Each structure stands twice: as structure tokens, then as C-alpha cells.
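Structural characterization, general
Here are the chains, one letter per residue:
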Amino acid sequence: MSKKNIIISILTILILYTFAIFPKQMISASSKGLMLWYKNVIPSIFIFMTGVSILSLTGFSKTFGKIFKNIMPSIFGISKECAFCWISGTISGSPLGAKVTADLYKNGIIKRSDAQKCLAISNNTSPLFIIGTVGATMLGYEKWGYFILFIIFISSISTGIILRFIPIKENNTLEKYIEKETISKLSIGEILKKSIYSSTETVVMIGGFIVLFSVITESFELLGVTDTLCEIIPISKEYLSCILSGILEITYGCNKISSTDLDLFTKIISMTFILSFGGISVNLQAISLFSSTDLSPIIFILSKILNSIFSIFYTFIFYGLFENQIQKTVPTAIITDGTAISSNTYVLISLIILLLGLLNCIYIKIK
């Protein structure tokens, strides 16, 4: 048995042991994770994921790439088709960006180096979650959600620019990933079938990750792992517990941070760090979606770590500029599941896309 399998086996035994000793708490944690998936993930991700899959199978990515044909090569040094992955991942969040990237790579539309670099910039936390859930609900100020989104966005771009100058080895075995059925030969029924099946499989997988990491997080609390680490790391138990929870699963971690008595700056920088990294749960979801290819999960994780480092740096720089401007919560519209989301959220996303289009036009005009 390999060392990796030994570690996984030990963790599994600990979780099962915790279930046997604390069945009530563990079942409660499992139920919370399941309800989070049922109420929030399925309604928000399934339709969008199916739509993006349809667009990918119909060859829309090539058409979309023409709109941003100069931005992607000039900024990130990757092919224009990667724009489809970037915009899809930016709007919907991880792990959809990983799925779109893997699909384009499997279909031979983008090469390995492009796909590897695209993974780093197209798998960020969903803007709706950052602005609505984190900003408006957890922090009570929607504008702080916009601030965190801005930090994550520029951190992602900075990571992409750094990766531009790092060579990624190509391969000569791309043909083994390309499906025998070409896109042009697929009927409407086959496109819908493939898209729905693929999206359903992915959504179920995401649900399993959410439930699993809800249980793992609860296990660490019940087994006293946090208490042990507090004796090693000289920070408060409450804050360490929040950070560890966020590193494992971002929703649970950010919620714990928002409920503490920490000062606002500490809350903001901690949440930004967690959201930029993405959490082990979400990152494993992304890795599982491109695990059937030869794309490197190590490079992907390193890019997420670099992204979180940039986020801390930019938060220190820009926090003071925003602090005096943010005085009160922006009027919000409460949707049925209780999450506060402003209509300005959708306007912001549209403006980002419009701005990128304008930059592309200006670049073409100058050239």
C-alpha cells in the first residue's frame, strides 16, 4: 500500500470512529452539507453547467474566442479559445471552470500548456456567492463583497500573468483524449443527452464532496485536532478553527469568521485568503474534473496558493482606500432562499464582460 493510500485509510478510519462515538453530531453535520447542496448548489449550478456544456459541444467556444482573440494571448499568453473557459469560470465559479477547460482540452481545441494555465485563472469563487452570501449576508455590507470580488479578480489576473512566463511541457498524446465523434456529427438530441448526463454526474459529485468535507470538518472539531494545533501555533483557538474550517470548506469557514468578535480588517483579509485559495473541498472537485487528462494537479494547487498570497498583498494595499467609502449596506433584494443579492451584482458581471470587449476593440484599433 502506498503512503497516499495509508493516509487516506487512516483519515477514513478516524471519520468512521468519530461517527461511532458522536453519531448525533456527525449526522447533523452530514445533513447540513446535504441541505446546502440541495438548496443552493443544484438550483444555481445545474442549469448553468448544462448550458455551458451545450455551448462547448456546439463549437461556440471558437466563436467566443474571436471576441477576445487578442486579450488572452497578450495578457496571459494562451490561445484565444481559453476566453470561453475564463469567462464561464469567472461568472459561475469553480469547479465549472475546470470542467470547461478539461472539455476543451479533451476535444483538442486547446493545448496542454494553455489548459494548465487556464485552470489557474478560471476557477475562482462565484461572484454571486462572494457578493450575496459573504458580503451582504455574512458581513452585513454588500460593498465589502464587491471589494473582496475585486481583490480576487486582480489576484487571479496576477497569477495568470506570472504563469505566462513559466514553461509548461506539451505532450504528443492528445489524440487519446479526443472523442471519436466530432462535434459537427452530433445531433441536437445527442448534444442535449451528453450535456445533461455530464452535468448531472458533476453535480452529484459536488454534492458528495460537500457532505464529505462537512463531516471531516466536524470530525476535526470533535476529535480535538484544533485544540492540539493551538498548542503548536501561537494564535487563538477561535481564529485557528475558522481558518482551518475555511481551508477545508469555504462556506463553513467564512460563516464561522463572520460570527466571531474579530475586527473587520481581520475578517476581510481572512475571508479573502480563504476565498482566493478556494478550499480543499472545491479544489478537489476541480481536480476530479480534469483527473482523466494529464493536466497537473500540483501546478493547479500551487497556482491557487499563489492566488491567495496575491490576495493578502492586495488587501493590505487597497483596504484603506475602500474603508472610508463603505458606510452602509447597499439596498438588496432578498430572494427565496434567504440569500441577499443586489441587482447590481448582475450589472457588475455584465460590465466586466463589456469592459473586456472594449479593451479588445481598442487593442485591435491600435494594432
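In what follows, the structure referred to is the one given above.
All figures in this text were calculated on a predicted structure; none of them were measured in a lab. Position labels on residues start from 1 in each chain and follow its written sequence. This being a predicted model, a pLDDT of at least 70 is required before a residue's local features are given, and a value of 80 or more before pairs of side-chain atoms are given or counted; all residues contribute to the totals for chains, interfaces and linings. Water and hydrogen atoms play no part in the side-chain values, which are based on all heavy atoms of the structure.

Here's the deal with helix H6 (residues 96-106)
Under the convention used in this document: Accessibility here uses a 1.4 Å probe with only protein chains present; expressed as a share of the type maximum, an area under 20% marks a residue as buried, one over 50% as exposed, and anything in between as partly exposed. The numbering of helices and of strands both runs from the N terminus, where a helix is a DSSP run of H or I of at least 4 residues and a strand a run of E of at least 2.
When you tally the buried positions in H6, you get 10 out of 11 residues, the bulk of the element. Residues Leu96, Gly97, Ala98, Lys99, Val100, Thr101, Ala102, Asp103, Leu104 and Tyr105 constitute the buried set of H6. Gly108 sits one or two residues past H6 and shows a positive phi near 75°.

Quick notes on a nonpolar patch on the surface
Counted only if it meets this: Patch criteria: residues need more than 30% relative accessible area and no salt bridge. Like-charged residues are merged within 9 Å; nonpolar side chains of Val, Leu, Ile, Met, Phe, Trp and Tyr are merged within 5 Å. With residues, only the protein chains shown are counted as cover, and all accessible areas are computed by Shrake-Rupley using a 1.4 Å probe. A carboxyl oxygen of Asp or Glu within 4 Å of a side-chain nitrogen of Lys or Arg is what we treat as a salt bridge.
Taken together, Ile6, Ile7, Ile10, Leu11, Leu14, Tyr17, Ile21 and Leu223 make up a surface patch of nonpolar side chains, about 700 Å² in accessible area. When you line up the elements, Ile10 lands in helix H1 (residues 3-21). By relative accessible area, which is 46% here, Ile10 ends up partly exposed.

Section: the pattern of salt bridges
Between side chains of opposite charge, pairing is possible as soon as their charged atoms come close. Applying the stated criterion across every chain yields a total of two salt bridges. The partner of Lys99 in a salt bridge is Asp103, and the shortest N-O contact between them spans 3.7 Å. Linking Lys99 with Asp103, this pair stays in helix H6, spanning four residues, or about one helical turn. Of the two residues, Lys99 and Asp103, both sit in the buried class. Between Asp294 and Arg112 there is a salt bridge; the shortest N-O distance is 3.6 Å.

Regarding the side chain of Ser270
Quick note on the threshold: Identification of polar contacts relies on pairs of N or O atoms within 3.5 Å, with a donor-acceptor requirement for protein atoms, meaning one able to donate a hydrogen and the other able to accept it, and with residues adjacent in sequence counted only if both atoms are side-chain atoms.
The topology assignment puts Ser270 in helix H14 (residues 264-277). There is a polar contact of 2.6 Å between the side chain of Ser270 and the backbone oxygen of Thr266.

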